[in-house]
Amino acid sequence: MKRNLEVDTLRGIACVLLVLFHVVGDTPAVGLKIPEGHWVQVFNEALAYIRMPLFSFISGYVYGFRPYQGNAPGFVKGKVRRLLLPLITVGTIFAVVQAFTPGANSTVNQWWLLHIVPVGHFWFLEALFIVFLVVILLEHLKALSTPAGFALTWALCAVLFDYFSPPNYFAAQGAVYLLPFFLAGLACKRFEITGPAARGAAAAVFICAATVAMLFPQYSEQGNSIAALGLGVCSAFLLLRSGWSSRHLAYVGSWSFAIYLLHVFFTAASRILLKKIGVTDTYVLLVMGLAAGLIGPIISALLISRHAGLNLWLLGVTAPKPKATTAPA
């Protein structure tokens, strides 16, 4: 599929938000260890309403260009190659490196459950694979063929999002979390949801959800709540339908999968090396970590792409990567 400047711009935004998240750290005990209440920490936490929902929304929107056509074995095989091969290879390398690198934040305690219990940010790959399996079933049942059927299916997924929390083996919780955002992106493409009325409704819902999140945080945690769902869906929709694009962000976005897989190696290395040479300024560490997390994976992907075997096993790619466009596709 020919690259789309606007979609790649959204991918670029999502990449910047993701790398920023891992540079700062999700708690004051990891990453840059910024104290609770610091504006950077507060800002980073607030972006949780947008970060992964945007990735999932984009996945659903892009899936809408080339949806499931009835060849289940071929479709699943493609997703195994694209998602699970990099999970097994890069995810395992990440877990081992994290465990034995001084200054890193290891999270694996039970190695016999590696990837059964998700490792770090690689939960997204497992969860998205489950989402695709669910979508195959829904497509087979024609549940997503009409606006009414799609709306009913999405409403059921929203209920599960808010009230159902399965055991988190193979990122099942992540799949429940991602599914309504994925379906929202798919609906946006499949039914060509656009226009002033749709944007106005999304803006109104976004404002209401943001108000609830600020005034009643106990009912609107960043994870599974109706406020979080509204913020995630509406922010992604408004960003997409704004029509805004940036060639620089689109270039970053064209490498989004490599950045997602590899950025943590470079953000952690940047922080550890800079601290070893005496750099302690939070903002310097932040800027350098963000730059390393974006540039490092792009250079790595360029080098990996020269070897077909590495390209397959590390990035799940069998063909040359399409060039980024300079105009909307």
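Everything that follows concerns the structure shown earlier in this document.
Residues numbered from 1 in each chain as written. Predicted model: local features only at pLDDT ≥ 70, side-chain atom pairs only at ≥ 80, totals over all residues. Heavy atoms only, no water.

**Some points on helix α12 (residues 282–304)**
Selection criterion: Put simply, DSSP H or I for four residues or longer makes a helix, DSSP E for two residues or longer makes a strand, and each gets a number counted from the N terminus. The span one expects for a helix is its residue count, reduced by one, times 1.5 Å. For every residue, the accessible area (1.4 Å probe, protein chains only) is compared with the maximum for its type, and the residue is labelled buried under 20%, exposed over 50%, or partly exposed between those bounds. Working rule for contacts: check all heavy atoms of both residues, and any pair within 4.5 Å makes them a contact. Any N or O atom pair separated by 3.5 Å or less is treated as a polar contact, with the protein-specific requirement of one donor-capable and one acceptor-capable atom, and with residues adjacent in sequence counted only for side-chain atom pairs.
Over its 23 residues, α12 extends 32 Å from the first C-alpha to the last, a length consistent with the 33 Å expected when each residue adds 1.5 Å. Listed in full, the buried residues belonging to α12 are Leu285, Leu286, Gly289, Gly293, Leu294, Gly296, Pro297, Ile298, Ser300, Ala301 and Ile304. Next to the buried residues of α12 lie α1 (5–24), α10 (247–253), α11 (256–276) and α13 (308–315). Where α12 begins, the side chain of Asp281 points an oxygen toward the backbone nitrogen of Tyr283, at a separation of 3.0 Å.

**Thoughts on the state of the cysteines**
Chemically, a disulfide is nothing more than a covalent bond linking the sulfur atoms of two cysteines. Note the cut-off: Cysteine sulfur atoms that pair up within 2.5 Å are treated as a disulfide.
Taken as a whole, this structure holds zero disulfides when the rule is applied. You can see Cys15 has no disulfide; the closest cysteine sulfur is in Cys188, sitting 20 Å from it. With relative accessibility at 1%, the residue Cys15 sits in the buried group. Residue Cys188 is classed as buried on the basis of its relative accessible area of 1%.

**Considerations on the side chain of Ser59**
Its place among the elements puts Ser59 in helix α3 (residues 51–63). For Ser59, a relative accessible area of 18% puts it in the buried group. Residue contacts for Ser59: discarding those within four places in its chain leaves Phe124, Leu128 and Phe182.

**Focus on a nonpolar patch on the surface**
For clarity, the threshold we go by: The residues that make up patches have over 30% relative accessible area and no salt bridge, and they are joined within 9 Å when like-charged or within 5 Å when they are Val, Leu, Ile, Met, Phe, Trp or Tyr. Here the accessible surface of atoms and residues is derived via Shrake-Rupley with a 1.4 Å probe, and residues count as covered only by protein chains that are part of the display. Salt bridge, as used here, is a side-chain nitrogen of Lys or Arg placed within 4 Å of a carboxyl oxygen of Asp or Glu.
On the surface, Val212, Met214, Leu215 and Phe216 cluster together into a nonpolar patch covering about 420 Å² of accessible area. In this fold, Met214 is placed in helix α8 (residues 195–215). Classification of Met214 as exposed rests on a relative accessible area of 64%.

**Side note on the pattern of salt bridges**
By the definition in use, this model includes four salt bridges. The residue Arg11 makes a salt bridge to Asp8 at a minimum N-O spacing of 2.9 Å. With Arg11 and Asp8 both in helix α1 and three residues apart, this pair spans about one turn of that helix. Take Arg11 and Asp8: they sit in the same class, and that class is buried. Measuring nitrogen to oxygen at the nearest pair gives 2.8 Å for the salt bridge that ties Glu139 to Arg190. Taken together, the positions of Glu139 in helix α5 (residues 123–140) and Arg190 in helix α7 (residues 172–190) put the pair 51 residues apart, joining distant regions of the chain. Connected through salt bridges with shared partners, the residues Arg3, Asp8 and Arg11 form a single ionic network.

**Brief notes about unusual backbone geometry**
Positive phi, normally seen in glycine, also occurs at Phe170, with a value near 55°. Mapping Phe170 onto the fold places it in the loop between α6 (147–163) and α7. With a phi close to 60°, Ala171 is a non-glycine residue in the positive phi region. In this fold, Ala171 is placed in the loop between α6 and α7. Overall, the relative accessible area of 0% leaves Ala171 in the buried class.

**Some points on the environment of Ala187**
Looking at the secondary structure, you find Ala187 in helix α7. Distance in space between the C-alpha atoms of Ala187 and Leu144 is 8.5 Å, their sequence separation being 43 residues. Among all residues touching Ala187, those that are not within four sequence positions of it are Phe150, Glu192 and Ile193.

**Considerations on the packing of aromatic side chains**
Quick note on the threshold: Between the rings of Phe, Tyr and Trp (Trp by its six-membered ring), a pair exists once the centres lie within 6.5 Å; its type follows the angle of the planes, with under 30 degrees stacked, over 60 edge-to-face, and the other angles tilted.
Scanning all chains against the criterion turns up 19 aromatic pairs. Ring geometry for Tyr61 versus Phe65: centroids 5.5 Å apart, planes at 80°, classification edge-to-face. Judged by relative accessible area, Tyr61 falls into the buried class, the value being 10%. Look at Tyr68 and Phe75: their rings are 5.6 Å apart centre to centre, the planes differ by 80°, and that puts the pair in the edge-to-face class. Both residues of the pair, Tyr68 and Phe75, count as buried. Clustering of aromatic rings is evident, with ring pairs tying together Tyr63, Tyr68, Phe75, Phe132 and Phe182.

**Thoughts on the environment of Val252**
Tracing the sequence through the fold places Val252 in helix α10. Between the alpha carbons of Val252 and Leu10 there is a distance of 9.8 Å; along the sequence they are 242 residues apart.

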